[in-house]
Amino acid sequence: MKVSEPRERLLRTATRLFYEEGINGVGVDRVVAEAGVTRATMYRHFPGKEALVVAYLEHEDAIIRSLFAAAAEQAAATGASASDLLALVIDGVADDATRLHTRGCPFINASAEFPDATGPVRTVVRRHRDWFRATLTEVATAAGAPDPAATAASLVLLRDAMLVGGYLDGADVASDFRATARKVAGLA
């Protein structure tokens, strides 16, 4: 399937602006202007701003999923153990917080702006968080964690804290996250 360049420009622009300035603080007109497309083009690809927000969050979800895929590929290429894979996932999550997501968690930020837990935006957030927790549970299970679900829940909580704390405090919390996450996962 051919990718629409105007759609991709809209999504790239919205991703940057929504993450840097907040979703409600950025209007459709600004996204359209900075993407260099017409309003008609915007509405051809996205029926409204909420659909663009959903696409933005699905893009963010794909980034996080790619971290897990990269860790799995690296583990497979090196013959790493399941525990090594869990360590690679922890490292990937920490790296993400220092490279891409330095202004907090895009899912937490979007949830703060869209309080309707049953709306399309929060549905994407819930789907992402459910996937994230389930995938961490699978990796923790394979690594032999005594209580994989509790380990995954703790890792989700630690990631949330790292992303929010790193943004609010301006500190490099990734090394603290790595150390604490490894202890929680039984890798220390």
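Residues numbered from 1 in each chain as written. Predicted model: local features only at pLDDT ≥ 70, side-chain atom pairs only at ≥ 80, totals over all residues. Heavy atoms only, no water.

Enquirer: Outline the UniProt feature "DNA-binding region" (unreviewed entry) in the chain, supporting the account with residue identities and numerical values.
Expert: Following the UniProt record, the feature "DNA-binding region" (unreviewed entry) maps to residues 27–46 here. The span residues 27–46 is 75% helical and 0% strand by assignment, and the distance between its end C-alpha atoms comes to 14 Å. (UniProt positions renumbered as here; feature names shortened; annotations may be inferred. Helix = DSSP H or I, 4+ residues; strand = E, 2+ residues; numbered from the N terminus.)

Enquirer: Explain the domain arrangement of the chain to me, and be specific about the residues and the numbers.
Expert: Along its sequence, the chain is carved into domain 1 (1–47) and domain 2 (50–185). When each unit is reduced to the centre of its C-alpha atoms, the spacing between domain 1 and domain 2 is 26 Å. Our enumeration of links across domain 1 and domain 2 arrives at zero salt bridges. Remark: the boundary between domain 1 and domain 2 carries seven residue pairs in polar contact (both at pLDDT 80 or more). With eight residues, the single largest contributor to the side of domain 1 that touches domain 2 is helix 1 (residues 5–21). Partitioning the side of domain 1 that touches domain 2 into residue classes produces ten nonpolar, four polar and two charged. (Domains from an automatic or database assignment. Salt bridge = Lys/Arg side-chain N within 4 Å of Asp/Glu carboxyl O. Polar contact = N/O pair within 3.5 Å; in protein donor to acceptor, adjacent residues only side chain to side chain. Nonpolar A, V, L, I, M, F, W, Y, C, P; charged D, E, K, R; others polar.)

Enquirer: Go over the packing of aromatic side chains, please, and point to the residues and values.
Expert: Going through the model one piece at a time under the given rule, you end up with four aromatic pairs. Ring centres 5.6 Å apart and planes at 75° place the aromatic pair Phe18 and Tyr56 in the edge-to-face group. Note that Phe18 is positioned in helix 1 and Tyr56 in helix 4 (residues 49–78), a separation of 38 residues in sequence. The same class applies to Phe18 and to Tyr56, which are both buried. Taking the centre distance of 6.3 Å and the plane angle of 50° together, the rings of Trp131 and Phe132 count as tilted. Of the two residues examined, Trp131 and Phe132, each falls in the buried class. Aromatic rings pair up to connect Phe68, Trp131 and Phe132 into one cluster. Here Arg159 stacks its cationic end above the ring of Phe132, 4.9 Å away from the centre of that ring. (Phe/Tyr/Trp six-rings, centres within 6.5 Å; stacked < 30°, edge-to-face > 60°. Buried < 20%, exposed > 50% of the residue type's maximum accessible area, 1.4 Å probe, protein only. Lys NZ or Arg CZ within 6 Å of the ring centre and 35° of its normal.)

Enquirer: Summarise the UniProt feature "domain: HTH tetR-type" (unreviewed entry) in the chain; cite the residues concerned and give the values.
Expert: Look at the UniProt record and you will see "domain: HTH tetR-type" (unreviewed entry) annotated at residues 4–64. Within the segment residues 4–64, helix and strand shares are 79% and 0% respectively, and the terminal C-alpha atoms sit 23 Å apart.

Enquirer: Describe the side chain of Asp96, with residues and values.
Expert: Structurally, Asp96 can be placed in helix 5 (residues 82–99). Summary of buried charges: Asp96 has no salt-bridge partner, and the nearest side chain of opposite charge, Arg159, is 4.4 Å away. A polar contact is formed between the side chain of Asp96 and the side chain of His101, at a distance of 2.8 Å. Not counting residues up to four positions away in its chain, the partners in contact with Asp96 are Ile63, Ile64, Leu67, His101 and Arg159. (Lys, Arg positive; Asp, Glu negative; His and termini not counted. Contact = heavy atoms within 4.5 Å.)

Enquirer: Can you explain the environment of Asp84? Please cite residues and give values.
Expert: With respect to the helices and strands, the residue Asp84 is situated in helix 5. Along the sequence, Asp84 and Ala71 sit 13 residues apart, while their C-alpha atoms lie 9.4 Å from each other.

Enquirer: An account of the nonpolar core is needed here, citing residue identities and associated values.
Expert: Ranked by internal contacts, the top residues of the largest apolar core, which has 52 residues, are Phe18, Val31, Leu57, Phe132, Leu136 and Met162. With ten residues, helix 4 is the largest single contributor of residues to this core. Counting the residues that make up this core, at least three belong to each of domain 1 (1–47) and domain 2 (50–185). Those residues in contact with Val31, other than ones at most four positions away along the chain, are Leu10, Thr13, Ala14, Leu17, Phe18, Val26 and Leu52. (Core = buried A, V, L, I, M, F, W, Y, C linked by side-chain atoms within 4.5 Å.)

Enquirer: Requested: an account of the pattern of salt bridges, with residues and values cited.
Expert: A side chain with one charge may pair with a side chain of the opposite charge, provided their charged atoms come close. In the structure shown here, the tally under the stated rule is 14 salt bridges. The closest approach of N and O atoms between Asp91 and Arg178, which form a salt bridge, is 3.2 Å. Pair noted here: Asp91 is in helix 5 and Arg178 is in helix 9 (residues 174–184), with a separation of 87 residues, a long-range link. Overall, the relative accessible area of 22% leaves Arg178 in the partly exposed class. Asp91 is the partner of Arg182 in a salt bridge, and the nearest nitrogen-oxygen pair spans 3.0 Å. Taken together, the residues span a long stretch of sequence, with Arg182 in helix 9 and Asp91 in helix 5 at a distance of 91 residues. Looking at Arg182, the relative accessible area reads 25%, which means it is partly exposed. Salt bridges linked by common partners bring Arg16, Glu21, Arg30 and Glu34 together as one network.

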